[in-house]
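# Structural characterization, general
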Amino acid sequence: MSNINSFDVFGARLRAFILAPSNGARDDFNSLALALFRLQYDSIPIYKEYCNHRKTTPDTVTQWSDIPSLPTVGFKEWELTSLPQAERTHVFFSSGTTGHVPSRHFHNADSIALYEASLVPWFGKNFLPNQDGQKLDCIILSPNPELAPHSSLVHMFETVRNLFQYSDYFASIEKDGSWTLDGKRVTETLETCAAKKRPVALLGTAFSFVHLIDYLKERKQTLSPPAGSRVFETGGYKGRSRALSKTDLHKFISKTMGIPASHILSEYGMSELSSQAYDCVVGGPVSNRCFHFPPWARARILSTETGQPVNDGEVGLVQVIDLANARSLMSIQTEDLAICRGDGFELQGRAAQSEPRGCSLMPGIFNPASQKYALHS
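On a predicted model such as this, the values are computed, not experimentally measured, just so you know.

## Overview of the overall build of the protein chain
Each helix and strand in the protein chain was counted, giving 9 helices and 17 strands. Within the span of the protein chain, comprising 377 residues, buried residues form 53% of the whole. Considering only contacts in the protein chain between residues 6 or more positions apart, those separated by 24 or more positions represent 66%. Counting every atom, the protein chain has about 16900 Å² of accessible surface; 51% of that belongs to carbon and sulfur.

Right, dumping it as structure tokens:
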């Protein structure tokens, strides 16, 4: 069986897992993870080299939790993909401050379709529960895909647009790459929805919501959208606005935009992944929120000292195993700190530069600059 056909078989199995009423069983997840590990080990040379250095191969691993992770920095240094150059139809870049080296996540038509198969049901379950056929209007606080073709977040917004009755983009891109929000058009559209008693969804980054809040405050303006309206916010600030804690951001959204805390959902995602985590179900409890990935992804919170899972309530680095990341790497070590909350996690922010990061958590340290390995001292 060819490599491409093998990935096709895996994709079909994963879709069946996603569509299963109970989203499959735990042993199904393990079986899928081991199958994907073998495919990625065989088709991504730099990953195979890393696994061999750790003496961890598909023949020695029996549990998904033992599949080696590479840090997100690896997506900046190498083309961590099983796709030949000619088959790459999409590439997502990580966002960040001007001048940073972005991560690159390559896709073809099949892997993009798998990304979307992972995205839509989990988004719907958390952001659009109990709609009973009613579709909301949607205001997207980002540029459109033509202006931001390499943004995984914008691709996500474009993918979910057909879940709404009306949707449009309300930002443009400046020469320096920054996003400029059209506050006037946003508020006029919100007022129109309110007049017609049509619930509205606002989707955007944290910094876009800060810009909208500031726009409203400067004009001493508040909004009163119809009941059922909601907010999807994600990402950080990256120097593009003043920074607020999530608690303060949600308070300002409630105060200026009239959206209750129960209808504000936060997302955790990144360009290197194909699945997303959410911290609540819209309309549910507002206390004790923590992020959960869908059943076809797993998050582990690992100690910065030992690289082993921490106990509940302790802080560590987030590691994600994402089965929808078929053509890149499914097991990724992030630089994000979080508190372990059972099978979920409470995000704390980025690890400090002085703390162990990425492959320094592993028995063998991989040096991206030299592309060499060194033993852990």
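From this point, things continue past the structure.
## Quick word on the side chain of R88
As for its placement among the helices and strands, R88 is situated in the loop between helix 4 (74-77) and strand 2 (90-93). For R88, the side chain forms a polar contact with the main-chain oxygen of L83, separated by 3.0 Å. A polar contact is formed between the side chain of R88 and the side chain of Q85, at a distance of 3.1 Å. Once you skip the residues sitting within four places of it in the chain, R88 turns out to touch E79, T81, L83, F106 and H107.

## Digging into the packing of aromatic side chains
Following the criterion strictly, the structure yields 17 aromatic pairs and no others. Considering the side-chain rings of F29 and W64, the 5.5 Å spacing of their centres and the 85 degrees angle between planes classify their relative orientation as edge-to-face. Of this pair, F29 sits in helix 2 (residues 26-43) while W64 sits in the loop between helix 3 (45-53) and strand 1 (70-71); the two residues are 35 residues apart in sequence, bridging distant segments of the chain. With respect to burial, F29 and W64 carry one shared label: buried. By the ring-pair criterion, three or more aromatic residues cluster together here, those being F123, F127, F157, F164, F232 and Y278. The ring of F170 has R185 lying over it, and the distance from NZ or CZ to the ring centre is 3.9 Å. One cation-aromatic arrangement involves R230 over F127; the distance from NZ or CZ to the ring centre is 6.0 Å.

## A word on the nonpolar core
Generally speaking, soluble globular proteins have nonpolar side chains that are buried together. Core analysis: the biggest nonpolar cluster contains 73 residues, and L14, F123, F127, F164 and L203 have the highest contact counts within it. Per element, the largest residue contribution to this core is 7 residues, and it comes from helix 2. Aside from chain neighbours lying at most four places away, what touches F123 is L128, M156, V160, L163, F164, L203, F232 and Y278. Residues F170, V200, L223 and L249 belong to the second largest nonpolar core, which totals 25 residues.

## Points about the sheet that holds strand 10 (residues 264-268)
For sheets, the rule is that strands pair by backbone hydrogen bonds, running either parallel or antiparallel. Taken together, 6 strands build an open sheet; the order of strands is 5-4-8-9-10-11 and the sheet is mixed. Whereas interior strands pair on both sides, the edge strands pair on one side only; in this sheet they are strand 5 (166-169) and strand 11 (277-278). Relative to strand 5, strand 4 (residues 137-140) runs parallel, the two being bridged by 4 bridges. Bridge pairing in strand 5 links D137 to Y166.

## Remarks on unusual backbone geometry
A positive phi angle is found at K55, which is not glycine, with a value near 55 degrees. Among the structural elements, K55 can be located in the loop between helix 3 and strand 1. Exposure remark for K55: the relative accessible area of 70% places this residue in the exposed category. At N288, a residue that is not glycine, the phi angle is positive and equals roughly 55 degrees. Residue N288 is classed as exposed on the basis of its relative accessible area of 75%.

## Digging into the packing of helix 8 (residues 206-218) against helix 9 (residues 246-257)
Packing of helix 8 against helix 9 brings their axes to within 10 Å, and their N-to-C directions diverge by 40 degrees. Here helix 8 is positioned oblique relative to helix 9, judged by the angle of their axes. Handedness of the helix 8/helix 9 crossing: left-handed. Residues A206, F209, V210, L212, I213, L216 and K217 of helix 8 pack against L249, F252, I253, T256 and M257 of helix 9. Residues belonging to the contact of helix 8 with helix 9 are distributed by class as follows: 10 nonpolar, 1 polar and 1 charged.

## Overview of the state of the cysteines
All told, the structure shown has 0 disulfides when counted by the stated rule. No disulfide involves C138; its sulfur sits 10.0 Å from the nearest other cysteine sulfur, which is in C193. Assessed through its relative accessible area of 1%, C138 is described here as buried.

## A look at the pattern of salt bridges
Within the structure shown, the criterion is met by 12 salt bridges. In this structure, E79 and R88 form a salt bridge, with 2.9 Å as the shortest nitrogen-oxygen distance. Several salt bridges share partner residues, and in doing so they unite K246, D279 and R289 into one network.

## Observations regarding the packing of helix 5 (residues 109-127) against helix 6 (residues 152-160)
Packing of helix 5 against helix 6 brings their axes to within 10 Å, and their N-to-C directions diverge by 65 degrees. With respect to each other, helix 5 and helix 6 are oriented roughly perpendicular. As for how helix 5 packs across helix 6, the hand of that crossing is right-handed. Between helix 5, through I112, Y115, E116, L119, V120 and F123, and helix 6, the contact on the second element is made entirely by S152, H155, M156, T159 and V160. Among the residues making up the contact of helix 5 with helix 6, the classes are represented as 7 nonpolar, 3 polar and 1 charged.

About the criteria used
Residues numbered from 1 in each chain as written. Predicted model: local features only at pLDDT ≥ 70, side-chain atom pairs only at ≥ 80, totals over all residues. Heavy atoms only, no water. Helix = DSSP H or I, 4+ residues; strand = E, 2+ residues; numbered from the N terminus. Buried < 20%, exposed > 50% of the residue type's maximum accessible area, 1.4 Å probe, protein only. Contact = heavy atoms within 4.5 Å. Areas by Shrake-Rupley, 256 points an atom, 1.4 Å probe, with all protein chains shown as cover. Polar contact = N/O pair within 3.5 Å; in protein donor to acceptor, adjacent residues only side chain to side chain. Phe/Tyr/Trp six-rings, centres within 6.5 Å; stacked < 30°, edge-to-face > 60°. Lys NZ or Arg CZ within 6 Å of the ring centre and 35° of its normal. Core = buried A, V, L, I, M, F, W, Y, C linked by side-chain atoms within 4.5 Å. Pairing = 2+ DSSP bridges. Axes fitted to C-alpha atoms, helices over the stretch in contact; angles between N-to-C directions. Parallel < 35°, antiparallel > 145°, perpendicular 65-115°, else oblique. Left-handed = near helix turned anticlockwise from the far one by under 90°. Nonpolar A, V, L, I, M, F, W, Y, C, P; charged D, E, K, R; others polar. Disulfide = S-S within 2.5 Å. Salt bridge = Lys/Arg side-chain N within 4 Å of Asp/Glu carboxyl O.

All quantities given are derived from atomic positions and should not be read as evidence of function.
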